[in-house]
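Overview (structure and organization)
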Amino acid sequence: MAQQVYDDYFFDEPAYNTHDGGYVPLEVADAPESKLAIPPLLKPDKETDTDVWYTLEAQKGETQILPGAKTKTWGYNAALLGQTLAFEVGKHIHVTLKNSLDELTTFHWHGLAVSGPYIDGGCHAPVYPGESKQIDFTLDQPAATTWLHAHPCPSTAEQVWHGLAAMVIVRDQHEASLPLPRTYGVDDIPLVLQDRRFHEDNQWDYQADYDPDGVQGPTAMINGTVNPVFDVTTQKLRLRILDGANRREWRLHFSDNLEFTQIAGDSSLLPKPVHFTHLMLTCAERAEVIVDFKNYKEGDVVTLFSDDVPIVKFRIHAFKPDNSVLPDHLLDVHAPEVLPTTPVRKVVMSGMDEAVAIDGKKFSMQRIDATQPIGLAQYWDVSNTNTMDGGMVHPFHVHGTQFLVISRNGGAPYPNEHGYKDTVGVNPGETVRILVRFDLPGVYMYHCHIIEHEDGGMMAQIQSYDPNKPMPTYKLMDMDTLMNAFAKERGVDPKTMWIPGMDSYKKMGMKM
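Predicted, not measured: the structure shown is a model, and the values here were computed from it. (Residues numbered from 1 in each chain as written. Predicted model: local features only at pLDDT ≥ 70, side-chain atom pairs only at ≥ 80, totals over all residues. Heavy atoms only, no water.)

Per the UniProt entry, the sites bearing "domain: Plastocyanin-like" (unreviewed entry) are residues 59–174 and 340–465 in this numbering. As a span, residues 59–174 carries 8% helix and 41% strand, and end to end its C-alpha atoms are 35 Å apart. (UniProt positions renumbered as here; feature names shortened; annotations may be inferred. Helix = DSSP H or I, 4+ residues; strand = E, 2+ residues; numbered from the N terminus.)

In structure tokens form, the structure reads like this:
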């Protein structure tokens, strides 16, 4: 029986970002080809059989991205983006979070099942300039490609745009037992997909490019590299692809319509491999794919495109034959039981521009919008009511958990949505049912991951709790403290300070 190969992007074409009034099409930059930057693995400060220690520093830098002047950038233990972290499930992880920037930031572990709100690193966990904080956690979740990014609402989008985003690989014994490429930097390659506009002297200007529906730029930047080339020395590559853009959707395909195999999504391996020629990722989604170059010879070039624009060239060198076979089954996925008495949570994402909201409200830092006992699975029906002018696909993300996609408008999920996820694109007029369980108590955010939308208020908070213990109280950041801190650090009056997400609140007569 021939395997099924999917050749469309699944999502609703009228809602693609190409139809946005503010859409910025990608263009091939007038710059030479460069070797694809591969972020190094961050080395631990110390490691034992049971524990490992890291220092993670948010810092400023300059990066040679285009010919001419270097671009001022931010990164984690790097001038731009960050060194890749690799965490082992079951090991106790200690991290020193160090802020060497001129303003407060947070360190959000997107996709890690850690306690909230402080370790999770949302807006309630600020690290001020010149300060350090200590966190520790032990992971109990499947192997996955996750990531780290700043999350100081309502300045998350601007800080990610400056470069505060890094890949985090979670490893476990089950994944290690499978015949998959896993030599980092050789046949196991991170691809962080972003886009930027370069202004005078090759600098970024977030305020000049600002759009409340998401900031975009015409230049694709892959791992911080423009016009990248990767030298292929093995027959098979494992690409860990992250949509790390503020707004852009990536519709990916290779030259020659080369087939590839997706083996993992956001938060785990898939139950079985899924074969594609075309793949669309919405903001913050991840996909691990295996590309087999067996039909190519030394000197050939295979190109990865987004829509019709080349974004990475793979230059084929001599390689040894690889006859390894992907197993038909990759992961057992067990849906937790839902009690018949458990109500279905309704979550409604609405609006565009400054009018974005969840359940008709904008995010308030000290408001808890929902509660859910730990260990108790619950269906969430997540709806996108935004259908004006074709609407937008809203990528919906939940902190601190891995959920299962159960259905789309009562029908089956997309073929590559049967593993664990933490972000799912919801089409206009669609309701996606997900199955959510929190295993750790805390306060967690859930929101649209078009980052300007979350900064503009399309976000809410849920508190998970142990029903056998008194409900804890958490110290949550308040808006005045946050604004005064930013103003002091920037040397401006809080009343005149420009914080991008606050425009949405002001125009709607609201306060965060």
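Once that is clear, we can look at helix 5 (residues 479–490). Counted at 1.5 Å a residue, the expected span for helix 5 with its twelve residues is 16 Å, and the 16 Å between its end C-alpha atoms agrees. Along helix 5, the residues classified as buried are Met 479, Leu 482, Met 483, Ala 485, Phe 486 and Ala 487. Contact partners of the buried residues in helix 5: helix 1 (156–162) and helix 6 (502–507). Where helix 5 begins, the capping side chain belongs to Asp 478, and its oxygen is found 3.2 Å from the backbone nitrogen of Asp 480. Residue Gly 491 follows helix 5 closely and has a positive phi angle near 70°. (Expected span 1.5 Å × (residues − 1). Buried < 20%, exposed > 50% of the residue type's maximum accessible area, 1.4 Å probe, protein only. Contact = heavy atoms within 4.5 Å. Polar contact = N/O pair within 3.5 Å; in protein donor to acceptor, adjacent residues only side chain to side chain.)

Take the sheet that holds strand 1 (residues 5–6) next. The strand order across the open sheet built from seven strands is 1-19-18-21-16-13-14, with neighbouring strands paired in mixed fashion. Each edge of the sheet is formed by a strand with only one pairing partner; in this case those strands are strand 1 and strand 14 (219–222). (Pairing = 2+ DSSP bridges.)

So, on to the sheet that holds strand 33 (residues 442–448). The five strands are arranged 26-34-33-28-31 in an open sheet whose pairing can be described as mixed. Each of the sheet's edge strands pairs with one partner strand only, and the pair in question is strand 26 (370–373) and strand 31 (423–426). In this sheet, adjacent strand axes meet at a mean angle of 25° when their direction is disregarded. Inspection of the sheet shows strand 28 (residues 394–398) paired to strand 31 by four bridges, in the antiparallel sense. Note that in strand 31 the partner of His 397 across the bridge is Thr 423. (Axes fitted to C-alpha atoms, helices over the stretch in contact; angles between N-to-C directions.)

On to the nonpolar core, then. Residues Leu 191, Leu 239, Phe 254, Phe 293, Ile 311 and Phe 314 are the most contacted members of the largest nonpolar core, which totals 35 residues. No other element matches the five residues that strand 23 (residues 309–316) contributes to this core. Ignoring sequence-local partners within four residues, the contact set of Phe 293 consists of Val 232, Thr 234, Gln 235, Leu 237, Leu 258, Val 302, Phe 314, Ile 316 and Phe 319. By size, the runner-up hydrophobic cluster in this structure holds 28 residues, among which are Trp 109, Ile 119, Ala 166 and Val 170. (Core = buried A, V, L, I, M, F, W, Y, C linked by side-chain atoms within 4.5 Å.)

Below, the discussion takes up the packing of aromatic side chains. Applying the stated criterion to the full structure yields 27 aromatic pairs. Ring geometry for Phe 10 against Tyr 414: centres 5.2 Å apart, planes inclined by 20°, an arrangement best described as stacked. Here the residue Phe 10 occupies a position in the loop between strand 1 and strand 2 (34–35), and Tyr 414 occupies one in the loop between strand 29 (403–408) and strand 30 (420–421), the gap between them amounting to 404 residues. With a relative accessible area of 22%, Phe 10 lands in the partly exposed category. On the basis of relative accessible area, Tyr 414 is assigned to the buried category, the value being 11%. With 6.2 Å between their ring centres and 40° between their planes, Phe 293 and Phe 314 make a pair best called tilted. With a gap of 21 residues between them, Phe 293 in the loop between strand 21 (286–292) and strand 22 (301–306) and Phe 314 in strand 23 connect regions that are remote in the sequence. Here the two residues Phe 293 and Phe 314 agree in accessibility, since each one is buried. Feature note: the residues Tyr 6, Phe 10, Phe 11, Phe 230, Phe 254, Phe 260, Phe 276, Phe 293, Tyr 296, Phe 314 and Tyr 414 constitute an aromatic cluster, connected by ring pairs. Just above the ring of Trp 53 sits the side chain of Lys 46; from NZ or CZ to the centre is 4.3 Å. (Phe/Tyr/Trp six-rings, centres within 6.5 Å; stacked < 30°, edge-to-face > 60°. Lys NZ or Arg CZ within 6 Å of the ring centre and 35° of its normal.)

The subject of this paragraph is the environment of Val 5. Structurally, Val 5 can be placed in strand 1. When its relative accessible area of 28% is taken as the criterion, Val 5 is described as partly exposed. Along the chain, Val 5 and Leu 148 lie 143 residues apart, while their C-alpha atoms are 32 Å from each other. With near-sequence residues (within four places) excluded, Val 5 lies in contact with Glu 259, His 275, Phe 276 and Thr 277.

Residue position: Pro 441 is located in the loop between strand 32 (431–436) and strand 33. The spacing of Pro 441 and Pro 117 is 324 residues in sequence and 9.4 Å in space, taken between C-alpha atoms. The residues touching Pro 441, leaving out its near neighbours within four places in the chain, are Ser 115, Gly 116, Ile 374, Ser 464, Tyr 465 and Tyr 474.

For the rest of this paragraph, the subject is unusual backbone geometry. With an omega dihedral of 5°, the bond running from Gly 116 to Pro 117 counts as a cis peptide bond. Position of Pro 117 among the secondary structure elements: in the loop between strand 9 (108–110) and strand 10 (132–138). Cys 153 connects to Pro 154 through a cis peptide bond whose omega is 5°. One non-glycine residue, Asp 307, lies in the positive phi region at around 50°. Classification of Asp 307 by relative accessible area gives partly exposed; the value is 27%. A positive phi is found at Asp 359, a non-glycine position, where the angle reads about 55°. Following the sequence through the fold, Asp 359 ends up in the loop between strand 25 (357–358) and strand 26. The class of Asp 359 is partly exposed, set by a relative accessible area of 36%.

Take Asn 202: it is sitting in the loop between strand 13 (188–196) and helix 3 (206–209). Since its relative accessible area comes to 13%, Asn 202 is described here as buried. A polar contact is formed between the side chain of Asn 202 and the backbone oxygen of Pro 67, at a distance of 2.9 Å. At 2.9 Å, the side chain of Asn 202 and the backbone oxygen of Ala 69 are in polar contact. With sequence-adjacent residues up to four places away left out, Asn 202 is seen in contact with Leu 66, Pro 67, Gly 68, Ala 69 and Thr 71.

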